[in-house]
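Structural features, examined
These are the residues of each chain, in order.
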Amino acid sequence: MLTVFLTVTLCAVISTTLSYEIDYDNTVWPNFKPPYCGDNIKLMNVSDNAEINQIRLSFTENPREMYIMWVTNGVNHINEVKYGPSKDSLNYTAFSFSDQHDFANDYNSGYIHKALLINLVPGVTHYYQITSNDKTSDVIEFIVPPGPGDKAPINIFHTGDVGAFGTSVMVTKTMMDRMNEEEFHATVVCGDLSYADELNDERPESGWADQRIWDTYGAMIEPIAKKMGYMGTPGNHEIDVPDSSNENMTSYMRRFTFPGNGRYYGFPLGMVYVISVSTDESVDPSSTQGRWLETRLAYVNENRNQWPWLVLFQHRPIYNSNQNHGNWTGENAWEDDEWEYPEKNGWPTDFEKLLLKYDVDLVLNGHVHHYELTYPIKERNKMVNSYNEEDFRAPIHITCGHGGQKLYKYVWDTKKHG
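I will try to describe carefully the structure that is included in this document.

Conventions and cut-offs
- Starting from 1, residues in each chain are numbered consecutively following that chain's sequence as written.
- Reporting in this predicted model follows two pLDDT cut-offs: at least 70 for local features of residues, and 80 or more for side-chain atom pairs to be given and counted; totals over whole chains, interfaces and linings ignore these cut-offs and use all residues.
- Calculated side-chain values reflect all of the structure's heavy atoms, with hydrogen atoms and water omitted.
- Strands here mean DSSP runs of E at least two residues long; helices mean DSSP runs of H or I at least four residues long; both are numbered from the N terminus.
- Buried residues are those whose accessible area, probed at 1.4 Å on protein chains only, stays under 20% of the maximum for their type, while exposed residues exceed 50% and partly exposed ones sit between those limits.
- A contact between two residues is defined here by any heavy atoms of the two lying within 4.5 Å.
- Working definition of accessibility: Shrake-Rupley area with a 1.4 Å probe, residue cover restricted to the visible protein chains.
- Without a salt bridge and with relative accessible area above 30%, a residue can belong to a patch; like charges are then joined within 9 Å and nonpolar side chains (Val, Leu, Ile, Met, Phe, Trp, Tyr) within 5 Å.
- Each reported salt bridge corresponds to a side-chain nitrogen of Lys or Arg within 4 Å of a carboxyl oxygen of Asp or Glu.
- Helix axes are fitted only over the stretch in contact, all axes being lines through C-alpha atoms; the angle between N-to-C directions runs from 0 to 180 degrees.
- Geometric relationships in this document are graded by angle, where less than 35 degrees denotes roughly parallel, more than 145 denotes roughly antiparallel, 65 to 115 denotes roughly perpendicular, and other angles denote oblique.
- Whether a crossing is left-handed or right-handed is set by the direction in which the near helix is turned from the far one by less than a right angle, anticlockwise for left-handed and clockwise for right-handed.
- Each residue is assigned to one class: nonpolar for Ala, Val, Leu, Ile, Met, Phe, Trp, Tyr, Cys and Pro, charged for Asp, Glu, Lys and Arg, and polar for all the others, Gly among them.
- Two aromatic rings from Phe, Tyr or Trp, using only the six-membered ring of Trp, form a pair when their centres are within 6.5 Å; if the ring planes differ by under 30 degrees the pair is stacked, by over 60 it is edge-to-face, and anything between is tilted.
- Charge-over-ring placement is defined geometrically: NZ (Lys) or CZ (Arg) within 6 Å of the ring centre, and within 35 degrees of the ring normal.
- We treat two strands as partners when DSSP finds at least two bridges between them.

Before going further, it helps to examine the overall build of the chain. Scanning the chain for helices and strands turns up five helices and 21 strands. In the chain, which comprises 418 residues, the proportion classed as buried is 57%. When contacts within the chain are restricted to residue pairs at least 6 apart in sequence, those whose partners lie at least 24 apart make up 72%. For the chain, the accessible surface area stands at approximately 17800 Å², while carbon and sulfur atoms represent 47% of it.

Take a look at the structure:
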């Protein structure tokens with residue numbers, strides 16, 4: 001019998017008190033005033049920051065590679081990363097591709113730099129230093145996860161619905177404290193990353209995402225994202241402009257680099273294979289995502305000796321006791337006279353058939369601003385009250401949708417919004 005250890009740490013708001021100042025190290029976020037729980041963070045303007053900022057890592061499909069991104073307010077002829085397995089011998093060099101985007105409201109994204117780190121050694125601590133815009137970063141340490149088949153334990157942060165609020169800082173600080181206690185290999189964010197879109201009631205209804213919020217979010221997550229792969233999946237708030245599909249994702253796609261198309265993709269993480277699924281797209285057998293997902297699940301299943309754990313992460317849960325936001329059926333029930341919400345086919349029926357056919361172990365979710373953990377469950381009501389029943393095979397579903405957003409006050413019992 002093969003025993004593999006996988007730890008998923010839930011990163012969520014555990015208090016909704018609105019009256020206390022968050023205790024955090026101001027040297028970590030020097031551009032931010034100390035926020036209050038539930039407050040918006042003071043928004044940064046990237047044009048005012050000459051330093052290298054918003055550093056983050058992400059995985060490719062190759063366990064010996066990682067992407068690295070950062071932002072500057074200018075660019076020159078040297079934009080590179082020196083890296084290697086020794087702090088004193090940064091013998092490898094990766095050159096960046098730099099791009100700049102003009103968003104609505106005359107806001108400039110700054111220069112978004114992307115580089116690929118290759119020839120990494122799985123399971124080994126590495127170091128890197130960025131030189132860009134006549135600035136040089138500190139030497140930063142990060143861990144490359146174990147390779148496929150390596151039985152070393154894997155630790156993953158699971159969060160979702162983060163935003164750039166005072167509570168978001170509180171969760172980030174808690175994650176940083178946990179990193180001082182034990183080694184983490186990855187963070188997965190189950191959608192609704194920054195809440196920069198116009199559907200956030202606290203933001204101006206300009207019709208566009210507020211790009212200052214994306215930059216603030218990028219700066220806030222840097223203490224986590226610069227030390228491990230920071231992986232996202234799109235949520236319903238990754239919207240910039242309402243269109244016929246109600247899912248534009250312009251900022252999300254330009255500001256993050258993930259494998260594949262950035263919406264649904266997979267990557268190895270030691271003895272775990274992780275797959276991102278886009279719940280705002282169809283997943284039935286005739287859809288592009290549905291065909292891709294079955295092909296990828298079949299590939300992983302053929303190699304379960306390398307990846308005994310198969311984990312999916314997505315935004316909307318198909319199992320949740322919240323009747324308003326849980327139990328995704330592909331039909332958005334939000335009532336609005338202006339926008340069309342086309343139905344997303346295959347949820348949850350075709351999707352769950354794939355989960356069961358390919359023996360998925362765990363499905364991580366966001367969207368519902370609560371925490372919820374199921375026993376193994378399938379076909380809506382077949383469940384065992386045990387995590388050790390070998391004769392009953394079905395995924396466990398975990399929802400963690402309050403990584404910055406405040407908790408819902410009630411578990412609604414009427415379905416009004418999708």
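Following the structure, the description resumes.
A cluster of nonpolar residues, Tyr 371, Leu 373 and Tyr 387, forms a patch on the protein surface that exposes about 300 Å² of accessible area. Within the secondary structure, Tyr 371 sits in strand β18 (residues 371-373).

Two elements in contact, helix α1 (residues 166-181) and helix α2 (residues 211-225), have axes separated by 9 Å at closest approach and are oriented at 15°. Put simply, α1 runs roughly parallel to α2. Once α1 is placed against α2, the crossing between them reads as left-handed. Of the residues in α2, those in contact with Ser 168, Val 169, Thr 172, Met 175, Met 176 and Met 179 of α1 are Met 220, Pro 223 and Ile 224. Of the residues contributing to the contact of α1 with α2, the split by class is seven nonpolar, two polar and no charged.

In this description, a pair of aromatic rings is defined by centroid distance and the angle of the planes. With the rule as written, the count across this model stands at 18 aromatic pairs. Centre to centre, the rings of Trp 214 and Tyr 217 are 6.2 Å apart; their planes meet at 85°, and the pair counts as edge-to-face. In this pair, Trp 214 and Tyr 217 both sit in helix α2, three residues apart, roughly one turn of the helix. For the pair formed by Trp 214 and Tyr 217, the shared burial category is buried. Taking 5.7 Å as the distance between ring centres and 15° as the angle between the ring planes, the aromatic pair formed by Phe 256 and Phe 258 counts as stacked. Assigned by exposure class, Phe 256 and Phe 258 land together as buried. Site record: aromatic cluster; members linked through ring pairs are Phe 59, Trp 214, Tyr 217, Tyr 252, Phe 256, Phe 258, Tyr 265, Phe 267 and Phe 313. Taking the ring centre of Phe 256 as reference, the NZ or CZ of Arg 56 above it sits at 4.4 Å. In this structure, Lys 378 packs its charged tip against the face of Phe 392, placed 4.8 Å from the ring centre.

Below, the discussion takes up the sheet that holds strand β17 (residues 362-365). The strand order β14-β15-β16-β17-β21-β18 describes an open sheet built from six strands, whose pairing is mixed. With one partner strand each, in any of the chains shown, β14 (265-269) and β18 form the two edges of the open sheet. In this sheet, adjacent strand axes meet at a mean angle of 15° when their direction is disregarded. Bridge count for β17 against strand β21 (residues 396-400) is four bridges, and the pairing is parallel. Following the sheet pairing, Asn 365 is matched in β21 by Thr 399. Across the sheet, helix α4 (residues 288-301) touches β14, β15 (272-276) and β16 (309-313), and the angle it forms with β15 is around 180°.

Coordinates in, geometry out; function isn't part of it.
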